[in-house]
Amino acid sequence: RICPFELAWVDTPDSVGNHHRYAECSNKGICNRGSGECECFPGYEGKGCQRTSCPNDCSGHGRCKYIEDMPFGQVQADYQNAVTGIDSFLPQDPHTFPYYGWDSYKTRGCECDPEYGDVDCSKRLCQHGNDVMDQRDDLLDPHQYQVQKLNFLADQSYLENYQNRDRTFALTFKSKLNETFTTLPINFYSDTGGTGGTDGLHEFVLDIENALERLPNRVIDNVEVHAGVDATNHIHVNITFVGDNVQGPQNLLTVRSYLCGDGCSPKLVGLELELETQTITELTPADFNSYECGRRGKCDYTTGQCQCFAGYTGLSCSTIACLV
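1. Looking at the overall build of the protein
Right, so step 1: Along the backbone of the protein there are three helices and 24 strands.
Right, so step 2: By residue count, 40% of the 324 residues in the protein fall in the buried class.
Right, so step 3: In the protein, 61% of the contacts between residues at least 6 apart in sequence involve partners at least 24 apart.
Right, so step 4: Carbon and sulfur atoms provide 49% of the accessible area of the protein, an area that totals close to 17,800 Å².

Take a look at the structure:
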């Protein structure tokens, strides 16, 4: 009996250089002539041994995906900037690299669940933090925290008729451990104070700040929010990450500005915004670093907890316990 033929993983080029021709069991298995099925070598599987196996089946903490189906970014803003060159926060599906190589739909890898990493998703990730012993270039300069800037431009006709009252949106934050947290609904800014929008803007700022700091597990332990409105109805929001748990570069926030009705969590009314005018960018990069266990400890990959070196403590070993 003959076994299935698929594109060969390895073979010998012919006289004109053609390679990866069709071969029985893809040259990565032995044909069982009695059953007509391939007995694949370790690391290969499927009809005719046509695809690779994922290491350790992703250890039960990830999904085995073809390389062309694996997203290359962390958050939606990464995809938007790479595809369109605009840092818009319009809803985006994960994008992948266009791939048309001979091993398309053959080579696979693990996409790990939150808190897990490595090629087989077998390691629990540890908290990231600032290396407290990393010397800054000029100690006289003030600390520089990461600032992310959100721009909203409300639809003019809607703004004139309804002032965007009772409109809600949410913010999603993705941590260094690939955990995703979404805030409770945030009321959009409206000039309810009657004094040029000062009262309404102040409430808007407090709503954003409180929503981010109330995310579970103190994933964002402290932020500072400032906002302003210009003559063209542009609302600018600057979010500064100043907490110990969010020092160093962070993933850009994702803005959930669309309608999400019954059955959604959180339930959002959505915003009426001008198309392709809302953006999210990194206004100021942080001069803090962000390392696993702050480079002052060793990660226990079975528990996901840092084992700090002597003299250091904290979730990410970023606190000096004593000086000798």
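2. Comments concerning the state of the cysteines
Right, so step 1: The tally for this structure, following the rule as stated, stands at ten disulfides.
Right, so step 2: Paired through a disulfide, C260 and C264 show a sulfur-sulfur distance of 2.0 Å. As the torsion about the S-S bond is roughly -95°, the C260-C264 disulfide counts as left-handed.
Right, so step 3: For C260, a relative accessible area of 14% puts it in the buried group.

3. Some points on the pairing of strand β4 (residues 37–40)
On a regular strand, one side chain projects to one face of the sheet and the next to the other, so that they alternate.
Right, so step 1: Sheet topology note: the strand β3 (residues 29–32)/β4 ladder contains four bridges and is antiparallel. When the bridges of β4 are listed, N32 appears paired with E37.
Right, so step 2: The hairpin formed by β3 and β4 contains four residues between the paired strands, and G36 there has a positive phi angle of roughly 75°.

4. Structural notes on the nonpolar core
Right, so step 1: Ranked by internal contacts, the top residues of the largest apolar core, which has 32 residues, are F152, F169, L171, I208 and I239.
Right, so step 2: Sorting the residues of this core by element identifies β12 (146–153), β13 (168–174), α3 (198–213), β16 (223–229) and β17 (234–241) as the ones contributing at least two each.
Right, so step 3: Looking at which element gives the most residues to this core, the answer is α3, with six residues.
Right, so step 4: Core analysis: the next-biggest nonpolar cluster, separate from the first, contains six residues, C293, C299, C306 and Y312 among them.

5. Let's talk about a nonpolar patch on the surface
Right, so step 1: Taken together, the side chains of I2, F5 and Y22 define a hydrophobic patch exposed on the protein surface, amounting to about 390 Å² of accessible area.
Right, so step 2: With respect to the secondary-structure elements, F5 resides in strand β1 (residues 5–7).

6. Observations regarding the side chain of E111
Right, so step 1: Tracing the backbone through its elements, the reader meets E111 in strand β8 (residues 108–112).
Right, so step 2: Polar side-chain contacts of E111 include one of 2.8 Å to the side chain of R63.
Right, so step 3: Among the polar contacts made by the side chain of E111, one reaches the side chain of K65 at a distance of 3.4 Å.
Right, so step 4: Setting aside residues no more than four positions away along its own chain, E111 makes contact with G62, R63, K65, M70, P71 and C121.

7. Focus: the sheet that holds strand β19 (residues 279–284)
Right, so step 1: Within the open sheet, the four strands sit side by side as β16-β17-β12-β19. Their pairing is antiparallel. One side of each edge strand has no neighbouring strand; the edge strands of this open sheet are β16 and β19. Taking each pair of neighbouring strands and ignoring which way they run, the sheet shows an average axis angle of 20°.

8. Re the side chain of E179
Right, so step 1: Within the element layout of this structure, E179 appears in the loop between β13 and β14 (180–182).
Right, so step 2: The buried charged residue E179 lacks any salt bridge, with R124 as its nearest oppositely charged partner at 7.1 Å.
Right, so step 3: Once you skip the residues sitting within four places of it in the chain, E179 turns out to touch P114, E115, F173 and K174.

9. Some remarks on the pattern of salt bridges
Right, so step 1: With the rule as written, the count across this model stands at twelve salt bridges.
Right, so step 2: As a salt-bridge pair, D11 and R21 come within 3.7 Å of each other at their nearest N and O atoms. Of this pair, D11 sits in the loop between β1 and β2 (22–24) while R21 sits in the loop between β1 and β2, and the two are ten residues apart along the sequence.
Right, so step 3: What makes R21 partly exposed here is its relative accessible area of 39%.
Right, so step 4: Residue D262 is joined to K267 by a salt bridge in which the shortest nitrogen-to-oxygen separation is 2.8 Å.

10. Overview of the pairing of β13
Right, so step 1: By the criterion of burial, β13 is predominantly enclosed, with seven of the seven residues buried.
Right, so step 2: Going residue by residue along β13, you find T168, A170, T172 and K174 tucked away on one face and F169, L171 and F173 tucked away on the opposite face as well.
Right, so step 3: For β13 and strand β15 (residues 186–187), the ladder comprises two bridges, and the chain directions are antiparallel. By the bridge assignment for β15, F169 is matched with I186.
Right, so step 4: Summarising the sheet, β13 and strand β18 (residues 254–256) pair through three bridges and their orientation is antiparallel.

What counts, and where the lines are drawn
Residues numbered from 1 in each chain as written. Predicted model: local features only at pLDDT ≥ 70, side-chain atom pairs only at ≥ 80, totals over all residues. Heavy atoms only, no water. Helix = DSSP H or I, 4+ residues; strand = E, 2+ residues; numbered from the N terminus. Buried < 20%, exposed > 50% of the residue type's maximum accessible area, 1.4 Å probe, protein only. Contact = heavy atoms within 4.5 Å. Areas by Shrake-Rupley, 256 points an atom, 1.4 Å probe, with all protein chains shown as cover. Disulfide = S-S within 2.5 Å. Pairing = 2+ DSSP bridges. Core = buried A, V, L, I, M, F, W, Y, C linked by side-chain atoms within 4.5 Å. Patch = residues over 30% accessible without salt bridge, like charges linked within 9 Å, V, L, I, M, F, W, Y side chains within 5 Å. Salt bridge = Lys/Arg side-chain N within 4 Å of Asp/Glu carboxyl O. Polar contact = N/O pair within 3.5 Å; in protein donor to acceptor, adjacent residues only side chain to side chain. Axes fitted to C-alpha atoms, helices over the stretch in contact; angles between N-to-C directions. Lys, Arg positive; Asp, Glu negative; His and termini not counted.

Treat this as a map of the structure, not an account of what it does.
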